[in-house]
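# A look at the structure
Next come the chains, spelled out residue by residue.
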Amino acid sequence: MPSMSDRPIGMFDSGFGGLTVARAVIDLLPNEHLVYIGDTGRYPYGNKPADEVREYARELAWSLINDFDAKLIVVACNTAASVALEQLASELPVPVVGVIEPGARALVRVTHNNKVGVIGTVGTISSGAYVQAVRQTKANVVLTSAACPGFVEFVERDQTTGDEVTVLAERLLAPVRNAGVDSLLLGCTHYPYLSRVISEVMGPEVVLVSSADETAFAVRDILLEHSIQRDELQGDHRFLSSGDIAWFAQLGRRLLGPELERADYWSTNTGR
Ligand code: DGL
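So, here's what we can say about the structure. (Residues numbered from 1 in each chain as written. Predicted model: local features only at pLDDT ≥ 70, side-chain atom pairs only at ≥ 80, totals over all residues. Heavy atoms only, no water.)

## Regarding the sheet that holds strand E7 (residues 183-186)
Our working rule: Only strands that DSSP links by at least two bridges are regarded as paired with each other. Numbering of helices and strands starts at the N terminus; helices are DSSP runs of H or I of at least 4 residues and strands are runs of E of at least 2. Here an angle of 0 to 180 degrees is reported between the N-to-C directions of two axes, which are lines fitted to C-alpha atoms, with helices fitted over the stretch in contact.
In spatial order, the strands read E6-E5-E7-E8; together these 4 strands make up an open sheet with parallel pairing. Each edge of the open sheet is held by one strand with a lone partner, namely strand E6 (142-147) and strand E8 (207-210). Neighbour-to-neighbour, the strand axes of this sheet turn through a mean angle of 25°, independent of strand direction. In this sheet, E6 lies alongside strand E5 (residues 115-120) in parallel orientation, the contact comprising 6 bridges. Pairing of glycine 117 across the sheet is with threonine 144, part of E6.

Next up, the structure:
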């Protein structure tokens, strides 16, 4: 039985998006073991009913604990975090970190004109989770939100630039652009992969904020708080997908980097 410190950090998303968070965690905490599940077999989450997403999130989190012995769970998906974080935090026997509060904290820190924006999936935006998280920071800001259906599908297809995505971005980003925000939170872990197009549409004066780094800092703080950080050199990194694992390994390696050497198959029956 490995010691608590030697157990991996468990992380999940609907697909490739959480790899933005995985990258930040690997860079900040290179000694930690990591197990990442991309639920590409059931993505996208953003247009699914909250109850369904909550059930998927519970399945994934419990599998990371029961099948992979995770010592901490990172919900690297805004859609899942917006509807399931509270329940996961109350039922799981290990600490849980989401991406919403860390993202909101980073967003209100960078604004100068106090007009901030958040973009995310339909599920995330309609949950109101960001309105609540920004309010909890007590910052005196005006928040404009916009849902961006279709963005996630472009990333999962590896189509992150070009006319089609730019035309969609121009239409979907109009509310936040017209609101005059000076900082925009990418409230979906897939969106950093579309940064170039989003930045072109928003203009160079708008700062794009990703929750990945801030989430990694939150993970570090919790590990230290519970004294469960791993100090040995170089952790192992394991990646699983519920969809096409050859595609997951191919695109995933390009998005995340060399740590993603291969992907294994994950199903709801993994470990049973
Ligand atoms: N990466 C997920 C998020 O942060 C994506 C969503 C999806 O599957 O629609 O919300």
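That shown, we press on.
## Comments concerning helix H11 (residues 212-225)
The test is simple: One less than the number of residues in a helix, times 1.5 Å, gives the span that helix is expected to have. Classification of residues uses two cut-offs on accessible area relative to the type maximum, computed with a 1.4 Å probe and protein chains only: under 20% is buried, over 50% is exposed, and between them is partly exposed. Residue contacts are counted whenever heavy atoms from the two residues lie within 4.5 Å of one another.
The end-to-end C-alpha separation of H11 is 20 Å, in line with the 20 Å expected for 14 residues at 1.5 Å each. Within the sequence span of H11, burial applies to Ala212, Glu214, Thr215, Ala216, Ala218, Val219, Ile222 and Leu223. On the buried face of H11, the contacting elements are strand E1 (9-13), helix H1 (19-28), strand E3 (72-75), strand E4 (96-97), helix H4 (100-110) and E8. Serine 227 lies just past H11 and shows a positive phi near 55°.

## Side note on the packing of helix H2 (residues 50-66) against helix H3 (residues 78-91)
In plain terms, the rule: Should an angle fall under 35 degrees it is taken as roughly parallel, and over 145 as roughly antiparallel, whereas 65 to 115 is taken as roughly perpendicular and any remaining angle as oblique. Here a crossing is called left-handed whenever its near helix is offset anticlockwise from the far helix by less than a right angle, and right-handed whenever the offset is clockwise. Each residue is assigned to one class: nonpolar for Ala, Val, Leu, Ile, Met, Phe, Trp, Tyr, Cys and Pro, charged for Asp, Glu, Lys and Arg, and polar for all the others, Gly among them.
In the contact formed by H2 and H3, the axes pass within 9 Å of each other and the chain directions differ by 55°. In terms of orientation, H2 lies oblique with respect to H3. H3 is crossed by H2, and the crossing has right-handed handedness. The residues of H3 that touch H2, namely those facing Ala50, Val53, Arg54, Ala57, Arg58, Ala61 and Trp62, are Thr79, Ala80, Val83, Ala84, Gln87, Leu88 and Glu91. For the contact of H2 with H3, the residue count by class is 9 nonpolar, 2 polar and 3 charged.

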